[in-house]
Amino acid sequence: MDKEIEKIKVLIIGSGPAGYTAAIYASRAGLSPIMYTGVQPGGQLTITNDVENYPGYPEGVMGPQMMEDFRKQAERFGTDVRYGVVTDIDAGQRPFKITVDEVKTLLADTVIISTGASAKWLGIESETRLNGKGVSACAVCDGFFFRGKDVAIVGGGDTACEEASSLANICNKVYMLVRRDELRASQIMKNPKIEILWNHETVEVLGDEEVSGAKVRDRITGEEKDLSVEAFFVAIGHQPNTAIFENQIDMDENGYILTQPGSTKTNVPGVFACGDAQDHEYRQAVTAAGTGCMAALDAERFLTSQE
């Protein structure tokens with residue numbers, strides 16, 4: 001076998017709360033994990049401003065600073081954090097053959113997948129410009145900052161309905177923008193604070209330094225109007241970053257990696273998945289970190305069983 005190919009015990013693919021927590025546990029267990037951060041080191045939290053719902057930060061913390069803290073803690077215990085992207089994996093046999101940046105090859109006894117998921121956006125310029133300044137893809141995360149305010153949310157699925165109901169508990173009024181004349185959701189919890197605008201689409205998010213409104217269009221009549229809102233939530237779904245594992249690891253119809261109940265084990269022995277790459281239900285930093293811990297413990301037990 002080629003002596004130049006690097007051999008490692010634990011490879012962590014992707015950073016963020018799940019990956020860094022897995023790294024902390026794996027490195028403290030003496031497994032010398034190597035992490036490849038992916039195209040967005042730190043994951044979605046690096047584009048999140050205030051994080052107020054993660055335990056241990058009583059005054060809140062900026063998302064990028066939080067991920068820097070996670071990284072430093074992982075490195076303190078010996079995690080080798082590398083900037084690069086895993087571009088291919090051969091999960092057909094152990095050790096698993098991994099390709100990084102399409103050129104570097106390494107062999108891993110175990111793999112922890114923590115590649116996360118990316119929010120789907122509308123694709124309009126103002127949405128990008130005001131992201132983190134009143135535009136958000138997580139009402140559970142950021143709704144608290146707009147308590148008592150008027151807000152808008154886009155989407156017609158279960159997630160949008162759940163988030164609209166959550167916002168209605170703390171906000172003054174919630175405009176729900178639905179492109180069709182019906183909801184895709186299985187149910188909607190009625191609340192007088194929620195006003196559903198059927199057959200409406202977003203033209204532009206208004207505001208210079210922060211959200212001040214939203215220009216919307218009736219798709220039937222073409223009529224446009226401005227909504228006076230201070231936050232604009234997009235709830236049209238997430239896309240798990242799991243494309244490179246297709247035909248290698250079992251996934252559901254939306255691309256989320258399937259894990260055995262109560263564990264992070266995939267259908268491939270020695271491959272574990274944690275965080276938003278396998279969680280379409282909660283998608284919170286603290287739940288991602290919890291599954292990162294589980295993945296490291298599962299990997300450690302697997303390696304012990306192979307000795």
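Coordinates for the structure precede this section.
Criteria and cut-off values
Residues numbered from 1 in each chain as written. Predicted model: local features only at pLDDT ≥ 70, side-chain atom pairs only at ≥ 80, totals over all residues. Heavy atoms only, no water. Axes fitted to C-alpha atoms, helices over the stretch in contact; angles between N-to-C directions. Helix = DSSP H or I, 4+ residues; strand = E, 2+ residues; numbered from the N terminus. Parallel < 35°, antiparallel > 145°, perpendicular 65-115°, else oblique. Left-handed = near helix turned anticlockwise from the far one by under 90°. Contact = heavy atoms within 4.5 Å. Pairing = 2+ DSSP bridges. Buried < 20%, exposed > 50% of the residue type's maximum accessible area, 1.4 Å probe, protein only. Patch = residues over 30% accessible without salt bridge, like charges linked within 9 Å, V, L, I, M, F, W, Y side chains within 5 Å. Areas by Shrake-Rupley, 256 points an atom, 1.4 Å probe, with all protein chains shown as cover. Salt bridge = Lys/Arg side-chain N within 4 Å of Asp/Glu carboxyl O. Lys, Arg positive; Asp, Glu negative; His and termini not counted. Charge placed at Lys NZ, Arg CZ, Asp CG, Glu CD. Expected span 1.5 Å × (residues − 1). Arc of directions from axis to C-beta. Disulfide = S-S within 2.5 Å.

Student: Kindly report on the packing of helix α1 (residues 16–28) against helix α2 (residues 63–76), identifying the contributing residues and their values.
Tutor: For any two helices packed against each other, the geometry is given by the interaxial angle and the distance between the axes. Two elements in contact, α1 and α2, have axes whose closest approach is 9 Å; the angle formed by their N-to-C orientations is 20°. Here α1 lies roughly parallel to α2, going by the angle between them. Here the hand of the crossing between α1 and α2 comes out left-handed. On the side of α1, the interface is formed by G16, P17, Y20, T21, A23, I24 and S27, while α2 contributes M67, F70, R71, Q73 and A74.

Student: How would you sum up the sheet that holds strand β16 (residues 224–227)? Please name residues and give values.
Tutor: Across the sheet, three strands lie side by side as β14-β15-β16; this open sheet has antiparallel pairing. In this open sheet, the two strands that pair with only one neighbour each are β14 (200–206) and β16. Sheet twist, expressed as the mean angle between neighbouring strand axes with direction ignored, is 25°. Looking at chain direction, β14 and strand β15 (residues 213–218) are connected through six bridges and run antiparallel. The residue of β15 that forms the bridge with V205 is A214.

Student: Requested: an account of the side chain of S114, with residues and values cited.
Tutor: Mapping S114 onto the fold places it in the loop between β8 (104–113) and β9 (117–119). Classification of S114 as buried rests on a relative accessible area of 4%. S114 has contacts with I12, I13, G14, S15, A18, G19 and C274, leaving out every residue within four places of it along the chain.

Student: I'd like to hear about a negative patch on the surface, residue by residue, with values.
Tutor: Taken together, D208, E209, E210 and E230 make up a surface patch of like negative charges. Of note, D208 is situated in the loop between β14 and β15. Note on D208: relative accessible area 66%, which makes it exposed.

Student: Break down α2 for me, citing the residues and quoting the values.
Tutor: Helix length check: α2, at 14 residues, gives a terminal C-alpha distance of 20 Å against a target of 20 Å (1.5 Å per residue), a fit within 8%. Looking only at α2, the buried set comprises G63, M66, M67, F70, R71 and A74. Here the buried residues of α2 occupy an arc of 140° about the axis, which is enough to place them on one side. Residues of α2 that are buried make contact with α1, β3 (50–51), β4 (61–62), β5 (80–82) and α6 (285–306). In the stretch just after α2, G78 is the one whose phi turns positive, near 110°.

Student: Please set out the environment of N199 residue by residue, giving values where relevant.
Tutor: Mapped onto the secondary structure, N199 falls in the loop between β13 (194–197) and β14. On the basis of relative accessibility, which here comes to 16%, the residue N199 falls in the buried class. Sequence separation of N199 and E182 is 17 residues, and the distance between their C-alpha atoms is 8.5 Å. Once you skip the residues sitting within four places of it in the chain, N199 turns out to touch V178, R179, R180, D181, R217, D218, R219 and I220.

Student: Please give an account of the pattern of salt bridges that cites residues and values.
Tutor: For the structure shown, the criterion picks out 12 salt bridges. E195 serves as the salt-bridge partner of K173, at 2.9 Å between the closest nitrogen and oxygen. Placement of the pair is K173 in strand β12 (residues 173–177) and E195 in strand β13, with a sequence separation of 22 residues. Assessed through its relative accessible area of 31%, E195 is described here as partly exposed. We note a salt bridge from R217 to E224, for which the minimum N-O separation is 3.0 Å. On the basis of relative accessibility, which here comes to 27%, the residue R217 falls in the partly exposed class.

Student: Please give an account of the sheet that holds β12 that cites residues and values.
Tutor: Ordered by their spatial adjacency, five strands build an open sheet running β10-β17-β11-β12-β13, and the pairing between neighbours is parallel. Only two strands of the sheet have a single partner each, and these edge strands are β10 (135–136) and β13. As judged from the four bridges shared by strand β11 (residues 150–154) and strand β17 (residues 231–234), these two strands associate in the parallel manner. Pairing of V154 across the sheet is with V234, part of β17.

Student: Hey, could you go over the state of the cysteines for me, with residue numbers and the actual values?
Tutor: With the rule as written, the count across this model stands at one disulfide. There is a disulfide in this structure between C138 and C141, and the S-S distance comes to 2.1 Å. When the S-S torsion is 70°, as for the bridge of C138 with C141, the disulfide is right-handed. Since its relative accessible area comes to 15%, C138 is described here as buried. For C141, a relative accessible area of 26% translates into the label partly exposed.

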